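Observations on the model geometry
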Amino acid sequence: MRLILMRHAKSDWADAKLSDHERPLNDRGRRDAPRIAGWMQDNDCRPDFLLSSDSKRTRETAAFLNSRWEAPVPTCFSSDLYLATASSIFQTIRTTEEWLSDEDGLPEVHPQTLLVLGHNPGISAAASELLDHACGFPTAGLAVFECQISSWSAELGPENCQVWKEMRPKQLP
């Protein structure tokens, strides 16, 4: 199975009246999100399912990703992923099957590739745990892990998840 951990695209700080949760993407974020989605499509990293924070900037990032892929990916937004710690991110991953119940109105899907879209410092901390060394994600940065697990409810760690690819928008042509 494949796990993609991704930080949202660059957000806009221009309107000081907006809460952190309501900050939208800026021009760079609106440019980078579709570019990274194109890279994901071209490198066979398109997810089967997307779990995202429910902030405005992650919702917009998810929309830009989905707009670039051949078909939209089933997506769930969770307040549990808003500014989540690594521990909370892993707990949300372990409950992926619960997000896919018929009650949610989502198509039946058993994701082999799961994208978790979140915020720093939590998303970088989660990747650091899997890498077994510290790393930091820039906006719209991601890491793709090959995980030797049979279900998303499994415990994830460096013993069963190895990094396959890492990508940052600045690396794209």
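Here the structure is a predicted model, which means the values were calculated and not measured.

Along strand β4 (residues 113-118), six of the six residues are buried, which leaves the element largely enclosed by surrounding structure. Covered by surrounding structure in β4 are Thr113, Leu115 and Leu117 together with Leu114, Val116 and Gly118, the residues of both alternating faces. Alignment of strand β1 (residues 2-7) against β4, held across six bridges, turns out to be parallel. Pairing of methionine 6 across the sheet is with leucine 117, part of β4. Pairing geometry for strand β2 (residues 49-53) and β4, over four bridges, is parallel. The partner of leucine 51 across the bridge, within β4, is valine 116.

Turning to the pairing of strand β3 (residues 75-78), a few remarks are in order. As defined by bridge partners, β2 adjoins β3 across four bridges and the pair is classed as parallel. Bridge pairing in β3 places leucine 50 opposite threonine 75. Between the parallel elements β2 and β3, the chain passes through helix α2 (residues 56-68) in a crossover that is right-handed.

It is worth spelling out the sheet that holds β4 at this point. Strand order in the open sheet formed by six strands is β3-β2-β4-β1-β5-β6, and the pairing between neighbours is mixed. What marks the edges here is a single partner per strand, and that holds for β3 and β6 (161-167). The sheet shows a mean angle of 20 degrees between the axes of neighbouring strands, taken without regard to direction. The strands touched by α2 are β1, β2, β3 and β4; relative to β4, the strand with the most contacts, the crossing angle is about 145 degrees. Along the sheet, helix α5 (residues 122-131) contacts β1, β4, β5 (142-147) and β6; its crossing angle with β1, the most-contacted strand, is approximately 145 degrees.

Time to look at the packing of helix α1 (residues 27-42) against α2. Packing of α1 against α2 leaves a shortest axis separation of 8 Å and a crossing angle of 45 degrees. Classed by the angle they form, the pair α1 and α2 counts as oblique. You can see that α1 and α2 cross each other, and the crossing is right-handed. The segment α1 lies against α2, with Arg30, Ala33, Pro34, Ile36, Ala37, Gly38 and Met40 engaging Thr61, Phe64, Leu65 and Arg68. When grouped by side-chain class, the residues that make up the contact of α1 with α2 number seven nonpolar, two polar and two charged.

How each quantity is defined
Residues numbered from 1 in each chain as written. Predicted model: local features only at pLDDT ≥ 70, side-chain atom pairs only at ≥ 80, totals over all residues. Heavy atoms only, no water. Buried < 20%, exposed > 50% of the residue type's maximum accessible area, 1.4 Å probe, protein only. Helix = DSSP H or I, 4+ residues; strand = E, 2+ residues; numbered from the N terminus. Pairing = 2+ DSSP bridges. Right-handed = clockwise from strand over helix to strand, strands pointing away. Axes fitted to C-alpha atoms, helices over the stretch in contact; angles between N-to-C directions. Contact = heavy atoms within 4.5 Å. Parallel < 35°, antiparallel > 145°, perpendicular 65-115°, else oblique. Left-handed = near helix turned anticlockwise from the far one by under 90°. Nonpolar A, V, L, I, M, F, W, Y, C, P; charged D, E, K, R; others polar.

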